[in-house]
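Analysis of the macromolecular model
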Amino acid sequence: MKLATSTQMQALDQTAIKEIGIPGVVLMENAGLGTVDQMEQKFGPVREKSVIIFIGPGNNGGDGLVIARHVLQRGGFPYLVYLVTPETLSGDAGINAAVCNTIDLPNMVVLQEDTISQLLGQIKNLHFAHPVHCLVDALFGTGLKRKLEGRFAKVVRLINKLSHEHKWPVTVVDIPSGLSADTGETLGCSVQADLTVTYGLAKPGHYMHGGPTIGRLAVVDITIPRQVIEAASLPGKVLDKDTGKLLLPRHKATHKGSFGHLLILAGSEGKTGAAILSGQAALQSGCGLVTLAVPTELNTIFETSLPEAMTVPLPCSDKTFSMADHDLIINLLAGKGALVLGPGIGTDPDTGALVRRLYSELHLPMVVDADALNLLALEPEAIAAAGGPRILSPHPGEMARLTGCSTAEIQADRLHAANWLSDVQVQNDHEIVTVLKGAGTVVCSNRSGWAINSSGNNGMATGGMGDVLSGLIGGLVVQGYSPWDAAGIGVYMHGLAADLLAEKQPYGYLASDVAAALPSAAQKMVHYQTN
């Protein structure tokens, strides 16, 4: 599914209005009607129920006014809470405000903070007369850029309080008020939704950080013509069930050589588990062959822990990787489809010299993770010197080191950070894919656009998950997937495997359990496409 930033969505609206000739009030009518449909699907009929609708200053408020009319038509009791003077609403919102005034819908105007206590009493009276069906947040939409303050912030907190104390569900129009549609950042405070109904296309903020305030997301078609959306060539998408369409068929007449051979450089004293997890995930991805090149004194650990993989002890690397084994590693790469570099390799200076040389000179695809990223960050100019296609898979802390920003700055605008690393920091002729891990993992490419993941859960907040992801992506690359497709499929499959485990236990499962669940996740992805 395509994603649109707030600016892109506004442009689509304007194209539909000005070039196609669909009046804006028609789009608003479709939005409001679609929202009431979703409300009834989720929370039951509105008939004989009170629906409290909070109206803000722009088109988001206009959508709320349309919702009020349709609630009335279905036998419900809409109550409008204006946070602006109704007469100041203009355009399509003004048209709907005039209609609501003409049909005399009950309302209260809240322009001062000290009237909020009166509002609370009025809502309780309404509930006594007709039980509350839901609260509707139609305060601010995707255009909000500033921090919520004053009466707006207090009303947002009131909505959350009423929902928590009375178990009244909250329906959000387009995006929770106080949440950035582009970054998912909370602008002071935000509404906690049970149902978010967005229009035309979903926005990055619905999925960023895992969308913790979104509740169930419904995307309503407001009749922006399909050709308008296709002509916009939007670069963003969500990694969802449709990701399975990218999976390549596996034919019967095949053998282990048909599905590629991956080399993994990973592990050091005290961190052998990272290499084992990466190797296990690569094998569970469907990869034909996996070889681990490892420090010689640790080889026995790998041979006994992962019997399905081959190992090559590097004679000059005792417990950490040494530049002295460079030529042997180059020879090992013959016949390999990709290299995974970094899980658990440590930050020894000699290892750093080897990492930077391999990163700059190898032409084959490379997944660069963990300590390899930290070693590149020590010499920032090395990041731009990629010798071939690269998939960089940092967590926010590693991304901060790569970019010279703080972790908080990375988290405040994850999409910008990932795009910056792929497009700006690494400027060359090769495809550079950045996988910024975390809730709502962001995948960006300097050639193919960007995506935000929708799978995964908080049970993944445990050690080794990133090592599994690096091996999985590497395993997909050697099976013939492009770096962009391998990253997208890998990120979604990784989260889906964890979601399957979470159906039985929400947390406490291990990274190795996720690796073992990858074939089931792949099967689920195929199932999505056939049902």
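Here the structure is shown first, and the text comes after it.
Residues numbered from 1 in each chain as written. Predicted model: local features only at pLDDT ≥ 70, side-chain atom pairs only at ≥ 80, totals over all residues. Heavy atoms only, no water.

Quick word on the overall build of the protein chain
Scanning the protein chain from terminus to terminus reveals 18 helices and 17 strands. When its C-alpha atoms are laid out on the principal axes, the protein chain stretches across 85 × 50 × 45 Å. Expressed as a percentage of its 531 residues, the buried residues of the protein chain come to 57%. A separation of at least 24 residues holds for 73% of the contacts in the protein chain among residues at least 6 apart in sequence. With the model as given, the accessible surface of the protein chain reaches about 21200 Å², and the carbon-plus-sulfur share is 52%. (Helix = DSSP H or I, 4+ residues; strand = E, 2+ residues; numbered from the N terminus. Buried < 20%, exposed > 50% of the residue type's maximum accessible area, 1.4 Å probe, protein only. Contact = heavy atoms within 4.5 Å. Areas by Shrake-Rupley, 256 points an atom, 1.4 Å probe, with all protein chains shown as cover.)

Regarding the packing of aromatic side chains
A ring pair, where both rings are aromatic, is described by two values, the distance of the centres and the angle of the planes. Under the criterion given, the structure shown has one aromatic pair. Plain terms: the ring middles of F140 and F152 are 5.0 Å apart, the flat faces sit at 65 degrees to each other, and that makes the pair edge-to-face. Remark: F152 occurs in helix α6 (residues 150-166) and F140 occurs in the loop between β4 (132-138) and α6; sequence separation between them is twelve residues. The residues F140 and F152 share a single accessibility class, namely buried. (Phe/Tyr/Trp six-rings, centres within 6.5 Å; stacked < 30°, edge-to-face > 60°.)

Topic: the pattern of salt bridges
Enumeration according to the criterion identifies twelve salt bridges in this entry. Between K319 and E269 there is a salt bridge; the shortest N-O distance is 3.2 Å. Of this pair, K319 sits in the loop between β11 (310-314) and α10 (326-332) while E269 sits in the loop between β9 (261-265) and α8 (272-284), placing them 50 residues apart in sequence. Measuring nitrogen to oxygen at the nearest pair gives 3.5 Å for the salt bridge that ties E379 to R356. With E379 in the loop between α12 (371-377) and β14 (390-393) and R356 in helix α11 (residues 349-361), this residue pair connects regions lying 23 residues apart in the sequence. Taking the relative accessible area as the measure of exposure, R356 reaches 17% and is therefore buried. When salt bridges with common partners are traced through the structure, they connect D37, E40 and R74 into a single cluster. (Salt bridge = Lys/Arg side-chain N within 4 Å of Asp/Glu carboxyl O.)

Let's talk about the sheet that holds β14
The ten strands are arranged β8-β17-β16-β15-β14-β13-β12-β9-β10-β11 in an open sheet whose pairing can be described as mixed. Looking at which strands have only one partner, the edges of the open sheet turn out to be β8 (236-239) and β11. Put simply, the sheet's adjacent strands are angled 20 degrees from each other on average, direction ignored. Sheet strands touched by helix α16 (residues 465-478): β9, β12 (338-341), β13 (366-369), β14 and β15 (432-436). Its angle to β13, the strand with the most contacts, is close to 175 degrees. (Pairing = 2+ DSSP bridges. Axes fitted to C-alpha atoms, helices over the stretch in contact; angles between N-to-C directions.)

Some thoughts on a nonpolar patch on the surface
On the surface, L72, I95, V99 and I103 cluster together into a nonpolar patch covering about 300 Å² of accessible area. Counting through the fold element by element, I95 comes out in helix α4 (residues 91-102). Owing to a relative accessible area of 45%, I95 belongs among the partly exposed residues under this scheme. (Patch = residues over 30% accessible without salt bridge, like charges linked within 9 Å, V, L, I, M, F, W, Y side chains within 5 Å.)

Describing the side chain of S322
Of note, S322 is situated in the loop between β11 and α10. Residue S322 is classed as buried on the basis of its relative accessible area of 11%. Of the polar contacts made by the side chain of S322, one reaches the side chain of D350; its length is 2.8 Å. (Polar contact = N/O pair within 3.5 Å; in protein donor to acceptor, adjacent residues only side chain to side chain.)

Quick notes on the packing of helix α2 (residues 24-43) against helix α3 (residues 59-73)
Two elements in contact, α2 and α3, have axes whose closest approach is 8 Å; the angle formed by their N-to-C orientations is 55 degrees. The orientation of α2 relative to α3 falls into the category oblique. When the axes of α2 and α3 are compared, the crossing they make is right-handed. Packed against α2, whose contacting residues are M28, E29, A31, G32, L33, T35, V36 and M39, the element α3 presents N59, G62, D63, V66, I67, R69, H70 and V71 at the interface. For the contact of α2 with α3, the class distribution of residues is eight nonpolar, five polar and three charged. (Parallel < 35°, antiparallel > 145°, perpendicular 65-115°, else oblique. Left-handed = near helix turned anticlockwise from the far one by under 90°. Nonpolar A, V, L, I, M, F, W, Y, C, P; charged D, E, K, R; others polar.)

Some details on the nonpolar core
In globular proteins that are soluble, nonpolar side chains generally tend to be buried together. Residues L292 and V435 are the most contacted members of the largest nonpolar core, which totals 56 residues. Secondary-structure elements contributing two or more residues to this core are β9, α8, β10 (289-295), β12, β15, α16, α17 (483-502) and α18 (511-530). Considering each element in turn, this core owes the most residues, eleven residues, to α17. With 48 residues, the next largest nonpolar core counts L341, Y359, I432 and C444 among its residues. (Core = buried A, V, L, I, M, F, W, Y, C linked by side-chain atoms within 4.5 Å.)

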